[in-house]
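Inside the fold
Here is how the chains run, residue by residue.
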Amino acid sequence: IADLGSLKEVDVVAKKMKASPPDLIVCSAGVATLPSWTATADGYETQFAVNHLSHFHLVSTLLPEIQNSNARVVMVSSDLHHVGQKYLQI
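A short tour of the structure in this document, coming up. (Residues numbered from 1 in each chain as written. Predicted model: local features only at pLDDT ≥ 70, side-chain atom pairs only at ≥ 80, totals over all residues. Heavy atoms only, no water.)

**Some thoughts on the side chain of threonine 40**
- Mapping threonine 40 onto the fold places it in the loop between β1 (24-28) and α2 (46-69).
- The class for threonine 40 is buried, based on a relative accessible area of 11%.
- Once you skip the residues sitting within four places of it in the chain, threonine 40 turns out to touch Gly5, Thr46 and Ala49. (Helix = DSSP H or I, 4+ residues; strand = E, 2+ residues; numbered from the N terminus. Buried < 20%, exposed > 50% of the residue type's maximum accessible area, 1.4 Å probe, protein only. Contact = heavy atoms within 4.5 Å.)

So this is what it looks like as structure tokens:
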């Protein structure tokens, strides 16, 4: 288990998982509709970091092991973006 808001923690877990690669990785969004803009320790917007960057980092770090073992990666999403506010904060 890792704090998906920290890419360093995801990296530690991924490196541990390399020793015994899983047969299945399920990447499921974990943060939605935060009351205000917040940043992770890495400086990324929290929802983007937790729901996207951390999953990409985990899978890309484990990709050689996944390919060698014929493991499966399942990406789960939602349609919550339909009810969210439509603006870009830069």
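From this point, the narrative continues.
**A look at the environment of glutamate 9**
- Tracing the backbone through its elements, the reader meets glutamate 9 in helix α1 (residues 7-19).
- Judged by its relative accessible area of 38%, glutamate 9 falls in the partly exposed class.
- Between the alpha carbons of glutamate 9 and serine 54 there is a distance of 9.4 Å; along the sequence they are 45 residues apart.
- In contact with glutamate 9, other than residues within four places in its own chain, are Ala2 and Asp3.

**Examining the pattern of salt bridges**
- All chains considered together, the criterion is met by 2 salt bridges.
- A salt bridge links aspartate 11 to lysine 15, with the nearest nitrogen and oxygen atoms 3.2 Å apart. Pair noted here: aspartate 11 and lysine 15 are both in helix α1, with a separation of 4 residues, about one helical turn.
- Residue classification places lysine 15 among the exposed positions, given a relative accessible area of 52%.
- The shortest N-O distance in the salt bridge between lysine 18 and glutamate 65 comes to 3.8 Å. Remark: glutamate 65 occurs in helix α2 and lysine 18 occurs in helix α1; sequence separation between them is 47 residues. (Salt bridge = Lys/Arg side-chain N within 4 Å of Asp/Glu carboxyl O.)

**Topic: the pairing of β1**
- What you see with β1 is a clean split: Ile25 and Cys27 sit on the buried side and Leu24, Val26 and Ser28 on the side with no burial.
- Relative to strand β2 (residues 72-76), β1 runs parallel, the two sharing 5 bridges. What sits directly across from serine 28, in β2, is valine 76. (Pairing = 2+ DSSP bridges.)

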